Amino acid sequence: MKNTNEMEIRFDSRSENEGFARVTVAAFMTQLNPTVEEVADVKTAVSEAVTNAIIHGYDQEVKKIHIRCRIRENIFFVEVSDTGRGIENIEEAMRPMFTTRPEQERSGMGFAFMEAFMDQVEVESEPGKGTTVKMQKAIGKGREIWTTQSL
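How each quantity is defined
Residues numbered from 1 in each chain as written. Predicted model: local features only at pLDDT ≥ 70, side-chain atom pairs only at ≥ 80, totals over all residues. Heavy atoms only, no water. Phe/Tyr/Trp six-rings, centres within 6.5 Å; stacked < 30°, edge-to-face > 60°. Helix = DSSP H or I, 4+ residues; strand = E, 2+ residues; numbered from the N terminus. Buried < 20%, exposed > 50% of the residue type's maximum accessible area, 1.4 Å probe, protein only. Lys NZ or Arg CZ within 6 Å of the ring centre and 35° of its normal. Expected span 1.5 Å × (residues − 1).

Asker: What is the right way to look at the packing of aromatic side chains in this model?
Answerer: Following the criterion strictly, the structure yields three aromatic pairs and no others. Each ring, one from F28 and one from F76, has its centre 6.4 Å from the other, and the planes form 50 degrees; the classification is tilted. Placement of the pair is F28 in helix α1 (residues 18-29) and F76 in strand β3 (residues 75-82), with a sequence separation of 48 residues. Its relative accessible area of 12% is what places F28 among the buried residues. By relative accessible area, F76 is classed as buried at 0%. Above the face of the F77 ring, R70 is positioned so that its terminal group lies 4.2 Å from the ring centre.

Asker: In this structure, what is going on with helix α2 (residues 36-57)? I would like to understand it.
Answerer: Structurally, the α-helix is built with 3.6 residues per turn, so residues lying three or four positions apart point the same way. Along its 22 residues, α2 runs 30 Å from first to last C-alpha, staying within 8% of the 32 Å computed at 1.5 Å per residue. Of the residues one or two after α2, D59 is the one with positive phi, at around 50 degrees.

As structure tokens, this is what we get:
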């Protein structure tokens, strides 16, 4: 398809790799010429998804996390997948303040942050098989309005 680009990475589910995931995704999206705010939004959403995979999907066990990014026109797509324990009740898990790890002082705001910073968030999960978080964000959607209004 014209005007598309893709990349995939796999890495160990270690907390120190969360920063690697953020920076890699941010570097890939720079071809869209995003604003600093757009980059920060995507990095935050990716960070939350990766952290969920590490803490909830794998329960701190070292396995693999897979990230796939795709750009089509000005839309940035990112998927974060694990093959961990999965989510029993997605609707409940996405409710703000819900956490399965209160003893670890988890705020239960991961999915809420993803939804706040991205245009669309979809979660697919099957208990015992893993979870995929699919997110997308239009990059530059406010620039055209600002440019025409400033003339």
